[in-house]
Each structure stands twice: as structure tokens, then as C-alpha cells.
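The chain contents come next:
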Amino acid sequence: GFSPHAALCFRHCPLLLPQDRHGTAYEGFVTAQGRDFHIRILLPADLQLKNARIECSWHLKKILHEYQHILKQRLHSCPDLVSFMVELKTVLEIALKNTQDLHIPRPPEYYSCLVRDLEILGWNKVAYVDTGLTTVKLKAEDSCGRQHLITLKLNAKYPTEPPDCLVDFPIPFAVSWMPQNSLRDIYNQFLAALESLKEFWDALDEIDEKTWVLEPEKPTRSATTRRIAIGQGKTKTQQEPWSSGRTGL
């Protein structure tokens, strides 16, 4: 008697069960690193995922705290709840791995290698380093003068394994990495990605500057749509500027 969407969700996420016939409320568990975390997802009547509300325990909220903007971005970009749950599980796996890594003693060569990499890159590009030298934020300015940050979460096996990279992008950012690479290689890939998004952000900046934007109130760089006022009581949703193929994304 449940909706086809709810049945599909159950097949892919057996620990997350629909709470009503319409598929607007789900409750259960998401599993990562062999642990189950209680979660509740509430969808509006129109089942628009971007307007979903996620409720979870204080413990899970704390684990995912630094990944909030990624999850909000995924809520907007995923076509359905099943896709979002796959993304949520992936993010949770990364978050848990990083939490565990904080307690793994790091060899002296880890610190010497990281400090050397930061010196090669240039300290003027570093926006933040935590006291344990496990999180680094790098800053960059694109060719239009926009400021951007990339957050690097380094695990104990760096540089054999690459850091997890968090960016405020409307598209996935995958790093190409070899054990002999350094932070400068990641930074150069970050700069290249910024330039590839230049036309997209130019278009949205022009919309923000020349129209009355109703939603979102404070758009992030990962936001892909704008709802604008175009007349008396009328609104229009501006689709992704790249949908016409102008930016080649």
C-alpha cells in the first residue's frame, strides 16, 4: 500500500522505513563503519527533496557538523531520496574515518612532510591549520576576484593517501593524486576547477546584481538556481546557467 518511491527506498535502504502511505516521512538507521545511526527524514507534500528536514541524534549531528554544506548541496542536486541516502552514507563514512584518524598517532615524517608541503605551497595561501595539523584550509582568488576556500582533511597515511577535499562547488570535485604529489598539486587542481566554473558564477553574479532574488537569501557558491521577482506578484525560477551548454560543464 506504500508509494512506489517508498518501496524503492526500502529496497535500497532496508533500515530506513516509510512512516506514512505518501512517502513524506522516513525513519530508521543509516549504517557506516559498522555502526548504525538513527535518522528521520521529513519531506514536504510535493516530495521536493531540497526542502526535506533531517532529524538525527546530537551525536550524529556533531559528526556531520563540518559537512553540513555538502549535505545541503546534495539535497538540492540528488534526484530522489535513494540517491541522497547513498551520498549521506558516503559523507558519513568520510566523517567517521576522519574522526578516528584524529586519535591515530602520526609518525614524525607525517609532520615534516606536511610542513614542507605547506612551505612549498606558500604560507600566504594558508587560511587555517588546526593545532593537531590534521585540517588545513587553503584560500584562493579566481580571475574575477572572488574568494574561495578548500578544506583538506589529512589522514595518518598522508602523503601515501590524499586528503579528503571539501569545496563549495556546484559540481563534484575529484582530486587526481599520486603518492609523490604535494599540496601544491591539489591547489593547482583547485585553481583549474575555479576557472572552469567562471562563466557559471559570472552568470549567477549578474543575476544577483541586476535582479531581485527571492531565494536563496544568502546563496552559496554551490547553489545552482535563483528564484527571482519579475513583476507584480510574479516570480520565476532561474535554471542552472550551464543547462544551455554555454559553460561546457
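See the structure printed just above.
Quick caveat: nothing in here was measured; it's all calculated off a predicted structure.

(A) Seen up close, the sheet that holds strand β5 (residues 126-129). Taking strand neighbours across the sheet as the criterion, the 4 strands line up as β5-β6-β7-β8 in an open arrangement whose pairing is antiparallel. Unpaired on one side and paired on the other, β5 and β8 (164-167) mark the two borders of the sheet. Along the sheet, successive strands turn relative to each other by an average axial angle of 20°, direction set aside. Direction of pairing for strand β6 (residues 135-141) relative to strand β7 (residues 147-153): antiparallel, over a ladder of 7 bridges. Looking at β7, one finds that Ala140 is bridged to His148.

(B) Layout of the nonpolar core. Within the largest apolar cluster, 30 residues are counted, with the highest numbers of intra-cluster contacts made by Leu138, Ile150, Leu152, Tyr158, Phe169, Phe173 and Phe190. Those elements that place two or more of their residues in this core are α5 (108-121), β6, β7, β8, α6 (183-196) and α7 (198-210). Element by element, the count of residues in this core is highest for α6, at 6 residues. Apart from residues lying up to four places away in sequence, Ile150 is in contact with Val136, Lys137, Leu138, Cys165, Leu166, Val167, Phe173, Ile186 and Phe190. Counting 27 residues, the second largest nonpolar core, distinct from the first, contains Leu64, Tyr67, Ile70 and Leu92.

(C) Inspection of the pairing of β6 at higher detail. Of the pairings in the sheet, the one linking β5 to β6 comprises 3 bridges and is antiparallel in character. Its bridge partner being in β6, Val129 is matched across the sheet by Val136. Connecting β5 to the antiparallel partner β6 that follows it, the hairpin turn spans 5 residues, and Leu133 within it adopts a positive phi of roughly 55°. A loop of 5 residues connects β6 with β7, the two strands running antiparallel in sequence, and Gly145 in this loop sits at a positive phi of about 85°.

(D) Just the side chain of Thr135, in detail. Its place among the elements puts Thr135 in strand β6. Not counting chain neighbours up to four residues away, the residues in contact with Thr135 comprise Tyr128, Val129, Asp130, Thr151, Leu152 and Lys153.

Criteria and cut-off values
- Residues numbered from 1 in each chain as written.
- Predicted model: local features only at pLDDT ≥ 70, side-chain atom pairs only at ≥ 80, totals over all residues.
- Heavy atoms only, no water.
- Pairing = 2+ DSSP bridges.
- Helix = DSSP H or I, 4+ residues; strand = E, 2+ residues; numbered from the N terminus.
- Axes fitted to C-alpha atoms, helices over the stretch in contact; angles between N-to-C directions.
- Core = buried A, V, L, I, M, F, W, Y, C linked by side-chain atoms within 4.5 Å.
- Buried < 20%, exposed > 50% of the residue type's maximum accessible area, 1.4 Å probe, protein only.
- Contact = heavy atoms within 4.5 Å.

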